[in-house]
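Topology and contacts: notes
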Amino acid sequence: MNVFVTAQHIRAVALKPVNEANMNSVLVSLDRYRDDFGMDRVHRVVQYLAQLMHESGDFRFDREIWGPTPAQARYDTRGSRQHASARWRRQEVHGPHRHAAHRQGELPGVL
């Protein structure tokens, strides 16, 4: 079963305007690698896009932006960020793990 998601689908469910370049990058990769990563099932694509859109702010961001805000400081367990490298301050957004989506497909009653 092939699942085809278009930019129109993404824009329809996004809460805010999307960054077209980020969205197109995801759609191109999804089309190219769909079968290699098991993204040919509806429940996997929906879960993947929902998580990715949540993590990226509807594709507006492609990096995690670190404040630190007071909330981030409360849950940061790595100690002081004053001497942290730029790598820790701005990390890539990570989508859901393939294995988690694969396990979800093995549950009884799931597509």
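The structure reproduced in this document is the subject of the present report.

Rules behind the numbers
- Residues numbered from 1 in each chain as written.
- Predicted model: local features only at pLDDT ≥ 70, side-chain atom pairs only at ≥ 80, totals over all residues.
- Heavy atoms only, no water.
- Helix = DSSP H or I, 4+ residues; strand = E, 2+ residues; numbered from the N terminus.
- Buried < 20%, exposed > 50% of the residue type's maximum accessible area, 1.4 Å probe, protein only.
- Contact = heavy atoms within 4.5 Å.
- Areas by Shrake-Rupley, 256 points an atom, 1.4 Å probe, with all protein chains shown as cover.
- Expected span 1.5 Å × (residues − 1).
- Salt bridge = Lys/Arg side-chain N within 4 Å of Asp/Glu carboxyl O.
- Phe/Tyr/Trp six-rings, centres within 6.5 Å; stacked < 30°, edge-to-face > 60°.
- Core = buried A, V, L, I, M, F, W, Y, C linked by side-chain atoms within 4.5 Å.

Turning to the overall build of the chain, a few remarks are in order. If you tally the helices and strands in the chain, you get six helices and two strands. For the chain, the proportion of its 111 residues judged to be buried stands at 29%. Nonlocal contacts in the chain, meaning residues at least 24 apart in sequence, comprise 68% of its contacts between residues at least 6 apart. Accessible surface for the chain amounts to roughly 8,000 Å². Of this, 55% is attributable to carbon and sulfur atoms.

If you check helix α3 (residues 42-56), its first and last C-alpha atoms are 21 Å apart, about what 15 residues at 1.5 Å a residue would give, namely 21 Å. Restricting attention to buried positions, one finds in α3 the residues His43, Arg44, Val45, Tyr48, Leu49, Leu52, Met53 and Ser56. Within two residues after α3, glycine 57 carries a phi angle of roughly 65°, on the positive side.

In this section: the pattern of salt bridges. Counted under the stated rule, the structure contains two salt bridges. Between glutamate 20 and arginine 11 there is a salt bridge whose closest N-O contact spans 2.9 Å. A relative accessible area of 43% means that arginine 11 is categorised as partly exposed. Note that aspartate 31 is salt-bridged to arginine 34, the shortest N-O span being 2.7 Å. Looking at arginine 34, the relative accessible area reads 4%, which means it is buried.

Following the criterion strictly, the structure yields one aromatic pair and no others. Between tyrosine 33 and phenylalanine 37, the aromatic rings sit 6.4 Å apart at their centres with planes inclined by 70°, giving edge-to-face as the arrangement. For phenylalanine 37, a relative accessible area of 45% gives the class partly exposed.

So, on to the nonpolar core. Counting 17 residues, the largest nonpolar core has Val5, Ile10, Met23, Val45, Leu49 and Phe59 as its most contacted members. Residues within four places of methionine 23 in sequence aside, it is in contact with Ala7, Ile10, Arg11, Val18 and Phe59.

Such coordinate-based values are descriptive only and should not be taken to indicate function.
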